[in-house]
Amino acid sequence: MPEITKLIHKYLRHDKKFPHVWCPGCGIGIMLGALIRAIDRCGFTKDEIVLVSGIGCTGRLPVYVDFNTLHTTHGRALAFATGIKLANPKLKVIVVMGDGDAVAIGGNHFIHAARRNIDLTAIILNNSIYGMTGGQYSPTTPYGMKTTTSSYIHIEQAFNISELAVTAGAPFVGRGTVYHAKLLDSLMEKAFLKKGFAVVEVISHCHTQFGKLNKMGGAVEMMQWQKDHAVTVEKAATMSEEELKGKFKIGVLVDKELPVYLDEYEKIRQMAMSKKEK
Amino acid sequence: MSGKKEKKTKIDIFKGWCKACGICEAFCPAGVLARDEAGYPYVKFPEKCISCGWCELRCPDFAITVYKKDKDFKEIDEEETKNTL
Amino acid sequence: MKKKPKTPYKEFLLQGNEAIVEGALRAGCRFFAGYPITPATEIAEAMSVKLPQVGGTYIQMEDEIASMAAVIGASLAGVKSMTATSGPGFSLMQENLGFAIMAEVPCVIVDAMRGGPSTGLPTSPSQSDVMQARWGTHGDHPIIALCPSTVRECYDLTIKAFNLSEKFRNPVIILVDEVVAHMREKITIFEDEEVEIFNRIKPNMPPEWYIPYVDTPSGVPPMANFGEGYRYHVTGLTHDIRGFPTSRPDEIDPFIRRLFRKISQHFSELQFGEFYETDDADITIIAYGCVARSAKRAAIDARQKGLKVGMLKLNTLWPFMRTAVEKVLNTSKIVIVPEMNMGQISREVKRVNKGSTKIFTINKVDGTIITPQEILARIKEVG
């Protein structure tokens, strides 16, 4: 068994039924591969990783991997993860969510986790649709698109998850696509090693629902679309506004240092304990 | 691409997990793979393989493995990311 | 069980909410996640001051949903955790409360009851969340709910709540009405007072043999914390004994029944209350929370007037104190159930009333407490 597959198999739960549950060609499997490779490269032990997910197609991810895994209620993964991290800061907490899970029902928790700068990694698989429930529009479904709940025309404007994270105060935000698998590896590695709230938005596709309804072809065609519309941050800097129209940037969008929640809370503990002695 | 021939790269497709999604075949930079009538990939031109490993990286089901790489995987990472975007 | 004070004891003038915090810390609570809401905010404030003093963590989350989620997360990471809220917040917590029941995660939730429904009467008391505590979250599930009627009971019942939640791996709710939550009373805490502190049963087998949701004689599986080498899966989906999602009927049925058995099998350990002069009582008042204080006063006054009146105080609301209630139903011809709601516990009393005892209620829903005089008037009226 060669390197990568041995690596992947080392982290899988072998009493789970493989192949996994996601549709043929779904990007979640690619994201999972990148996640496992990045964890391995960072050298975390399995015991210290807590992988938290919400509800939806991504929700089913943790069950397949041999970490401490938690499958929470829809949209609340980040709030559960906050509790885990604060209770045991030694744990490496990673949260995987879908676009609806993270910024629709979970939007409030997403912006506050970013604002608080809790030391954990949020991986958001953005396929612009609610896949598990059969193809309803989500906060990242582009204007004009067809979904099972916007069969006439989708009249809402989409969020830009990465910009939302940056505005909310996340110190590390990266965006990749499932086509650019190696970029995902490096983004996730940087996110895991980042001290503070690190967001990785993974542009993916749902050819079963979104692709079919909008005649965008299968997994291959939708990944081709990702290739054609993604522009690295470095290249985008050289492009004009006009050229950038309809494109999205990939790579590290922001990486700055901000005070981390628990380091700040330690100050409170010191003050509280010294005050108590008096 | 001269020295590639001796370093035979073996590609193994685990049909138990493969869901015939076609991603590996579609994005293989060297056109090594092809799909049978059921849509499952198979190695059509093994000699063309440049052992870049992209098929394995992009397989959603971990069903394809590239046995021998001429370069250590980590090295590929930085350099490849830049020029294949 | 209080021993004569050999060693010095401390006296405190504490608010109910403050006593809950003292009890929680004494029980080993080291994590609080909450959101400000009258009449429970003092708990959050006291926790924000006292938890960091003992190396604990206080965090104010963005809403009650997140608060409940963070509490569950912290408990899964091995720290005794708690939140406190009132009606509106309690409503928001219901889904995650259900998750804690399904995944059997120990935690304590304080619901300081105020007038409802909706925004209701934020600064006035009520006892109208009793049924919400029982059936607030969806699906068949067991629950334990305790109800203090004095500041001392706020302290004691909070300790019990943590012990029970750890012992049965089930959330425990403390239903305290605004009166008891906000009133101040002197309480005496003895230095050498033995207080039984219960911690969750840890697995005594190596990780490879650990079956996270195995059925045991007590119905309570041992609980490993995240990060201790027992990498297992926790989910809100119905799950098999290994914790993985299942839709097999032959796995779901025994699982749900085990959840119920955990509590019903230990029913006797969950009966907290007080019989006051009920042995020869013709009329017994069944009351809880602040109303139990008025009820006791009424019973004492009635006795002085020669009326054989007794009082049964319920400190446990769920599971319903069926045996204690049946006892008074057998001795008294008349039972009066005064409540600051439309009769949420009186329904239960009527349900277990097999005999010919007549049950009368006082249902006060105007945001003011039920007074001893009102109970005495009712006694005269029905006696």
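Here is what the cut-offs are and how they apply
- Residues numbered from 1 in each chain as written.
- Chains lettered and ligands numbered in written order.
- Predicted model: local features only at pLDDT ≥ 70, side-chain atom pairs only at ≥ 80, totals over all residues.
- Heavy atoms only, no water.
- Core = buried A, V, L, I, M, F, W, Y, C linked by side-chain atoms within 4.5 Å.
- Buried < 20%, exposed > 50% of the residue type's maximum accessible area, 1.4 Å probe, protein only.
- Domains from an automatic or database assignment.
- Contact = heavy atoms within 4.5 Å.
- Helix = DSSP H or I, 4+ residues; strand = E, 2+ residues; numbered from the N terminus.
- Pairing = 2+ DSSP bridges.
- Right-handed = clockwise from strand over helix to strand, strands pointing away.
- Patch = residues over 30% accessible without salt bridge, like charges linked within 9 Å, V, L, I, M, F, W, Y side chains within 5 Å.
- Areas by Shrake-Rupley, 256 points an atom, 1.4 Å probe, with all protein chains shown as cover.
- Salt bridge = Lys/Arg side-chain N within 4 Å of Asp/Glu carboxyl O.
- Polar contact = N/O pair within 3.5 Å; in protein donor to acceptor, adjacent residues only side chain to side chain.

Participant: Mind laying out the nonpolar core, listing which residues take part and the relevant values?
Facilitator: By size, the foremost hydrophobic cluster in this structure holds 164 residues, and its most contacted members are Phe197(A), Met47(C), Met82(C), Leu314(C) and Val349(C). Counting only domains with at least three residues in this core, you end up with domain 1 (9–190) and domain 2 (274–382) of chain C. Beyond its immediate stretch of four places on either side in the chain, Leu314(C) contacts Cys147(C), Phe272(C), Ile286(C), Ala287(C), Tyr288(C), Phe320(C), Met321(C), Val325(C) and Ile345(C). With 73 residues, the next largest nonpolar core counts Ala230(A), Ile250(A), Cys52(B) and Phe62(B) among its residues.

Participant: Tell me about the pairing of strand 5 (residues 172–177) of chain A, residues and numbers included.
Facilitator: Residue and element names in this part refer to chain A. Taking burial as the measure, the 6 residues of strand 5 include 6 buried ones, the bulk of the element. Of the two faces of strand 5, the one holding Phe172, Gly174 and Gly176 and the one holding Val173, Arg175 and Thr177 are both buried throughout. Relative to strand 6 (residues 198–203), strand 5 runs parallel, the two being bridged by 6 bridges. If you follow Val173 over to strand 6, its bridge partner there is Val199. For the crossover from strand 5 across helix 7 (residues 181–193) to strand 6, the handedness is right-handed.

Participant: A description of a nonpolar patch on the surface should follow, citing residues and the corresponding values.
Facilitator: All names here are of chain A. A cluster of nonpolar residues, Tyr143, Tyr152, Ile153 and Ile155, forms a patch on the protein surface that exposes about 540 Å² of accessible area. Here Tyr152 lies in the loop between strand 4 (121–126) and helix 6 (161–168). Overall, Tyr152 belongs to the exposed group, its relative accessible area being 76%.

Participant: Give a detailed account of the interface of chain A and chain C, specifying residues and quantitative values.
Facilitator: Many descriptions give the size of an interface as the accessible area lost when the pieces come together. Across the contact, 40 residues belong to chain A and 41 residues belong to chain C. There are 3 salt bridges connecting chain A and chain C. Notably, a salt bridge pairs Asp47(A) with Arg231(C), separated by 2.5 Å at the nearest N-O pair. At the junction of chain A with chain C, the criterion picks out 19 residue pairs in polar contact (both at pLDDT 80 or more).

Participant: Account for unusual backbone geometry, with residues named and values stated.
Facilitator: Negative phi values dominate among residues other than glycine, just as trans dominates among peptide bonds. Residue Thr38(C) is joined to Pro39(C) through a cis peptide bond whose omega torsion reads 0 degrees. Note the cis peptide between Trp318(C) and Pro319(C), where omega equals -5 degrees. Examined against the element boundaries, Pro319(C) turns out to sit in the loop between strand 14 (316–318) and helix 10 (322–331). Backbone geometry at Phe62(B) places phi at a positive 55 degrees, although glycine is not the residue there. Relative to the helices and strands, Phe62(B) is located in the loop between helix 2 (54–58) and strand 4 (64–66). Looking at Phe62(B), the relative accessible area reads 7%, which means it is buried. Residues other than glycine seldom take positive phi values, yet Ser118(C) does so here, at roughly 55 degrees. The topology assignment puts Ser118(C) in the loop between strand 5 (108–115) and strand 6 (121–125).

Participant: Outline the environment of Ile187(C), supporting the account with residue identities and numerical values.
Facilitator: Residues and elements named next belong to chain C. Structurally, the position occupied by Ile187 is in strand 9 (residues 184–190). Taking the C-alpha atoms as reference, Ile187 lies 9.1 Å from Tyr155; in sequence the two are 32 residues apart. Setting aside residues no more than four positions away along its own chain, Ile187 makes contact with Lys10, Glu11, Phe12, Leu14, Val151, Arg152 and Tyr155.

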